[in-house]
Amino acid sequence: MLDKTYKPSEIEPRLYEGWERAGAFASDANSNAKPYTIMIPPPNVTGSLHTGHALTFTVQDTLIRWRRMQGRDVLWQPGTDHAGIATQMVVERLLAEQGIDRRELGREKFVERVWQWKAESGGTITQQLRRLGASLDWQRERFTMDDGLSDAVRKVFVTLYREGLIYRDKRLVNWDPKLQTAISDLEVESVEVKGSLWYVRYPIEGQAGRFITVATTRPETMLGDTAVAVHPEDARYQDLIGRHAILPLVGRRLPIVADDYSDPEKGTGAVKITPAHDFNDFEVGRRHDLPMPSILDRQAHVVLAEIADVLRAVYGAADPAFTRSLEGMDRTAARKAIVAELERLGLLEKVEPNTHQVPHGDRGGVPLEPMLTTQWYCNAKVLAQPAIEAVEAGRTVFVPKQWENTFFAWMRDIQPWCISRQLWWGHQIPCWYGPDGREFVAESEAEAKSAARDHYKKAQVALTRDEDVLDTWFSSALWPFSTLGWPESTKELARYYPGDVLVTGFDIIFFWVARMMMQGIHFMGDVPFRTVYIHGLVRDERGQKMSKSKGNSIDPLELIDKYGSDALRFTICALTGLGRDVKLGPARVENYRRFVTKLWNAARFCEMNDIRVDPSFDPARASLPLTRWILDAANRATEEATAALEAYRLDEYAGVCYRFTWDTFCDWFVEFAKPALSEPEVRQTAAHVLGTILRLLHPVMPFVTEELWDRFGYGEPFSLIRAPWPEPVNVADAPAARAELDWVVRLISEVRSVRTEMNVPPGTLTPILLRDATPQTLALALQWIDAIRRLARVSEVRPLVGEMPKGSAQLMVDEATVVLPLADAIDVGTERTRLTRERDKAAGEARKIGQKLDNLDFVRRAPEEVVEENRERLAAIQTDIARLEAALQRIEA
């Protein structure tokens, strides 16, 4: 006997262990079934389940379970990413708590400590995914630094190097002075900072008393200026183009160059150019062949070595005391000192408050420095072209399609990819240097030594390995084929590559999706996936971005503890529309927990009324209008749910399942069936349709459906996960049954709605009078009179004879006017006044919100989520107004 209440905390772990023990998640490379592959975006090994994970893995698992039930040989490839910076920071913090610095340990010992940490604590995220119900093929779990995947990384690096697509270069990178490494754009956070805009006067060479004023937010970098740029069409500076300004504090002659980068509308229209410390300035420097001296070291302290020659040339034997005093000074302190000196020299024209975005490292938390360093680069432009062509040709399709434009915009303007990081944890770059600095790139040290011996014609050559590691995204880009055994030619690689769909957020289209496409096409000759399904972000219930500082973050594990995994998963699917962010909150999950409870209670009702699975039941032989109607409705729900999943409309799939289960089955069929449960056909049909519901809902609500499936004996324990996806069944004369029952449902629904709107007491019965009803309609009402009386709370149904009773409400159901005499049940005048008052109040509120939204200044200045909240509120009020108007029209004057 089912318990009175569903207890997910007891049921979910037992079911998951049973599935895993039975090998229910496993793929089968020897199967004759058509394969279906999804590659998991590997979460960081340091990670814990957050709402973003809950979204993407719920969507993936829903698709995976659905395709598995369709008979596909499903591979959902699990694994974790070694997460270079994140993991190194975790272990460094743990060592710091013991008073140990990694540099004291040395590289080898430190890496051993990281592997030790990974063995002890690195499985947190995979255990949490099990709690979510993710049916990953765990026996195939991989890690981006597994031996096999490491072999693939070295093979790819060496191949691309030999093809001239990987090389070393000196370029600007995002440098984290705290972590002492270059970082990727994805690890950059723009932080709004209230700073200043300093207007500095640069003397014009040979024109005493004339200056060109530049505006800057970073006066500390002026020591590295090598030009001043003005727009070629800026009339203010036409006579200065080609002349020189003198750099204050240093004395360097700065050419005044014409460049479109300078915006005449910003600041003074003149821009100081510091190529070694600004990405835009770097490009200007390249266009004009400017020197690029670095004046900050890797700790962001002032270093004067690269401008020493200029200082000597300008000052000779005299020591520029102030400039020399900046040596070794932190950038913040140097800024203050330089501003003070400029003010003392009369070169600071003015200072304005300036709020602007400053790039920070998301891990280190400090402002980043554009730093001119020698790094390893990948020629992404060459690799990008085949990927662009693949999307253009439709070999890979984005859903929603608009994300293809984002993909094209990034890929057509792609820059060299900096693939080296100054870390110890990660794939160490397979390059060794000879005594003269010559590079020997090889898959192993032995191979590098052999090449060195051949080159130097010596038996022994001392080689030094490059200390850098590869960007984490480099190994992640190989995930779709390295996890399947590449570079070996495995049967898994032949069977499961390319994958069917990649499910991910839009924020990593460039960082991961594009790079997988580049590497997959280059090394496999085909795209890594046929479809890229892009979902939105998870926000709070008001549409605001979640953050710890705002205090609106949600822990999905807490939601699972409180409401169960099924409730959370269904909430996510119900809210996941194409191109739409998910507004998630506990109240929404609690609401959908009621749906889980509704299903459980419906199953308990069936169990208590001896509704059991009957293998001999043939839906095609059902003869009663009620049974044929519910079987037909189940067919339509099956078709709609399947179509929604095919189109990646998870919200529509959830909506179809919700409406059919709660409304059609629970609220109508069960209620209609209660007096008819003595009929074997009704009980057989109820069991059949309940089984259909369990199969339809299983992809999104796997636990409660599996439990009910097992308890009702639809199959062996833990078998729903591989039960066949429902298909429409033959139903005799379905249109007639649909027309009959749909009419009864509409009649009862409309009467209920009017009674609610008019505040008719639930215990008060009212008659239904039918005007202009056909004989067929009257016969139908008579046939279903018992159900109409019970469910619509009416005393009788009869034709209207004579005049319309005073104080009646009217509504239309097909050709008939349905009249509800209410004068004896309520004070009609009072209710009309109440409805009018409510309508007018709602109309007033709608006008206020409409005026606000018509105010372009409000729309422009207000946060996006506030504007959207107002739009949603206005739509809800307008719906309410329409309802109240309809209610007023129903009351006879």
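Presented here is an overview of the structure given in this document. Keep in mind it's a predicted model, so treat the numbers as computed, not measured. (Residues numbered from 1 in each chain as written. Predicted model: local features only at pLDDT ≥ 70, side-chain atom pairs only at ≥ 80, totals over all residues. Heavy atoms only, no water.)

Time to look at the overall build of the chain. Helix and strand content of the chain: 31 helices and 29 strands. On the principal axes, the C-alpha backbone points of the chain span a range of 115 × 70 × 55 Å. Looking at the chain residue by residue over its 893 residues, the buried ones come to 54%. Total accessible area on the chain is roughly 38900 Å²; 48% of this is exposed by carbon and sulfur atoms. Across the chain, 112 positive and 128 negative side-chain charges occur, with their mean positions spaced 1 Å apart. (Helix = DSSP H or I, 4+ residues; strand = E, 2+ residues; numbered from the N terminus. Buried < 20%, exposed > 50% of the residue type's maximum accessible area, 1.4 Å probe, protein only. Areas by Shrake-Rupley, 256 points an atom, 1.4 Å probe, with all protein chains shown as cover. Lys, Arg positive; Asp, Glu negative; His and termini not counted. Charge placed at Lys NZ, Arg CZ, Asp CG, Glu CD.)

The next point concerns the environment of D507. Tracing the backbone through its elements, the reader meets D507 in the loop between β22 (499-505) and α18 (509-524). A relative accessible area of 40% places D507 in the partly exposed class.

This paragraph deals with the packing of aromatic side chains. Following the criterion strictly, the structure yields 37 aromatic pairs and no others. Ring geometry for F570 versus F595: centroids 4.9 Å apart, planes at 45°, classification tilted. One end of the pair, F570, is in helix α20 (residues 565-575); the other, F595, is in helix α21 (residues 586-608), with 25 residues separating them in the sequence. Through pairs of rings, three or more aromatic residues link up here, namely F157, Y161, W376, W417 and F474. (Phe/Tyr/Trp six-rings, centres within 6.5 Å; stacked < 30°, edge-to-face > 60°.)

Once that is clear, we can look at the sheet that holds β22. Read from one edge to the other, the open sheet built from three strands follows the order β15-β23-β22, with strand pairing classed as parallel. Strands at the two margins of the open sheet, each flanked by one partner only, are β15 (397-399) and β22. Here the strands of the sheet are splayed against their neighbours by 20° on average, with no regard to which way each runs. Sheet topology note: the β22/strand β23 (residues 529-535) ladder contains six bridges and is parallel. By the bridge assignment, G499 is partnered in β23 with F529. (Pairing = 2+ DSSP bridges. Axes fitted to C-alpha atoms, helices over the stretch in contact; angles between N-to-C directions.)

Right, let's talk about the pairing of strand β11 (residues 253-258) for a bit. Across three bridges, the pairing between strand β9 (residues 227-230) and β11 is parallel. Bridge pairing in β11 places V230 opposite A258. As paired strands, strand β10 (residues 244-246) and β11 are joined by three bridges and run antiparallel to one another. Following the sheet pairing, H244 is matched in β11 by P255. In textbook terms, the turn of a hairpin is the stretch between consecutive antiparallel strands, and for β10 and β11 this stretch comprises six residues, one of which, L249, has a positive phi near 75°.

A word on the nonpolar core. Grouped together as the largest cluster of nonpolar side chains are 208 residues, with contacts concentrated most on F407, W629, F665, F669, F672 and I788. In terms of nonpolar packing, the next biggest core, distinct from the first, is built from 33 residues, W198, I204, V214 and I338 among them. (Core = buried A, V, L, I, M, F, W, Y, C linked by side-chain atoms within 4.5 Å.)

Taken together, the four strands give an open sheet; going across it, the order is β10-β11-β9-β12, and neighbouring strands pair in mixed fashion. Sheet topology places β10 and β12 (270-273) at the edges, where each strand pairs with a single neighbour. Strand-to-strand, the axes of this sheet are offset by a mean angle of 30°, without reference to chain direction.

All right, on to the packing of helix α29 (residues 828-854) against helix α31 (residues 864-890) then. For the pair α29 and α31, the least separation of the axes is 9 Å and the interaxial angle reads 155°. By the angle between their axes, α29 is roughly antiparallel relative to α31. Remark: the crossing between α29 and α31 carries left-handed chirality. Each residue belonging to the contact of α29 with α31 can be placed in one class, and the counts come to 13 nonpolar, three polar and eight charged. (Parallel < 35°, antiparallel > 145°, perpendicular 65-115°, else oblique. Left-handed = near helix turned anticlockwise from the far one by under 90°. Nonpolar A, V, L, I, M, F, W, Y, C, P; charged D, E, K, R; others polar.)

All right, on to the pattern of salt bridges then. According to the stated counting rule, one finds 52 salt bridges in the structure shown. The salt bridge involving R738 is made with D632; its shortest N-O contact spans 2.7 Å. Of the two residues, R738 sits in helix α26 (residues 734-757) while D632 sits in helix α22 (residues 625-646), which places them 106 residues apart along the sequence. The class of R738 is partly exposed, set by a relative accessible area of 28%. Between R790 and E671 there is a salt bridge, and its shortest N-O distance comes to 3.8 Å. With R790 in helix α28 (residues 785-792) and E671 in helix α23 (residues 650-673), this residue pair connects regions lying 119 residues apart in the sequence. It is possible to trace a salt-bridge network through shared partners that takes in R218, E220, R331, R335 and E369. (Salt bridge = Lys/Arg side-chain N within 4 Å of Asp/Glu carboxyl O.)

In helix packing, the relevant descriptors are the interaxial angle and the interaxial distance, both defined with respect to the helix axes. Two elements in contact, helix α6 (residues 124-132) and helix α19 (residues 556-563), have axes whose closest approach is 11 Å; the angle formed by their N-to-C orientations is 35°. Where α6 crosses over α19, the two elements pack in a sense that is left-handed. Here α6 contributes Q128, R131 and L132 to the contact with α19, which in turn contributes L557, I560 and D561. Residues that form the contact of α6 with α19 fall into these classes: three nonpolar, one polar and two charged. (Contact = heavy atoms within 4.5 Å.)

Positionally, G164 belongs in the loop between α7 (147-162) and β5 (166-176). Here the alpha-carbon distance between G164 and M608, two residues 444 residues apart in the chain, equals 73 Å.

It is worth spelling out the environment of Q238 at this point. Its place among the elements puts Q238 in the loop between β9 and β10. In this structure, the C-alpha to C-alpha distance between Q238 and A258, residues 20 residues apart in sequence, is 8.9 Å. Residues in contact with Q238, not counting those within four places in the same chain, are H231, P232 and E233.

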